[in-house]
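Analysis of the macromolecular model
Each chain, letter by letter, is given below.
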Amino acid sequence: MKIRLTPLAALICGVLLAVPALAAQEGSKQDLGLSDYLYFKVYPHIERAHEALKANDETRALRSFEHAHAMAPESVRLSLWLAEAYRHFGHDKKARELLESELAKRPQNSDLQRAQVAIPVPVPEIKTYEQLLAFQKNCDASPGVQCRSEVGNYALKLNQLDIARAQL
């Protein structure tokens, strides 16, 4: 039994097969969101940075990614690569600061949100009431759900129910 496609069906099948090939590949100028000229200027720094990252050359990798990011600060992909390089070399604080800065510009960007959530947050050890009060004061200075949750959990462990209630 032979199956024959109508010209319209053949066209639709062809388009469906070609669409994935047209999608922006990671690192392409479409993925980076750059003009032809800016991509031409930034690309050598990106290549150098990736090579240095593979060779575990921290100075060259970070310098190249930072330079590329400075040239194209609106590129989310470059921000993600720079944050990833910071994390690779153990600079979680710098990565977190970069991502917070980028999220301030683009709060709904899910890639930036995922990258920020992936950075582990060091959890202090709270064993005394005084440490708990200091930690609570620190959280009150820059409140967040994570911080308040941790204060509440430590308060429960130390049987400080008034503080735990306040965090709710």
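Observations regarding helix α9 (residues 145-157)
Here α9 is 13 residues long and its end C-alpha atoms lie 18 Å apart, about the 18 Å a rise of 1.5 Å per residue gives. Here α9 has its buried residues at Cys147, Glu150, Val151, Gly152, Tyr154 and Ala155. Those residues of α9 that are buried are in contact with α8 (129-141) and α10 (161-167). Two residues or fewer past α9, Asn159 is found with a positive phi of approximately 60°.

Some points on the pattern of salt bridges
Using the criterion set out here, one finds nine salt bridges in the structure. A salt bridge links Arg87 to Asp92, with the shortest nitrogen-to-oxygen separation between them at 3.6 Å. The class for Arg87 is partly exposed, based on a relative accessible area of 33%. Here Glu102 ties to Arg106 by a salt bridge, and the two come within 2.5 Å at their closest N and O atoms. The pair formed by Glu102 and Arg106 is uniform in burial state, with each residue classed as buried. A single salt-bridge network, built from bridges that share partners, covers Glu74, Glu102, Lys105 and Arg106.

What counts and how
Residues numbered from 1 in each chain as written. Predicted model: local features only at pLDDT ≥ 70, side-chain atom pairs only at ≥ 80, totals over all residues. Heavy atoms only, no water. Helix = DSSP H or I, 4+ residues; strand = E, 2+ residues; numbered from the N terminus. Expected span 1.5 Å × (residues − 1). Buried < 20%, exposed > 50% of the residue type's maximum accessible area, 1.4 Å probe, protein only. Contact = heavy atoms within 4.5 Å. Salt bridge = Lys/Arg side-chain N within 4 Å of Asp/Glu carboxyl O.

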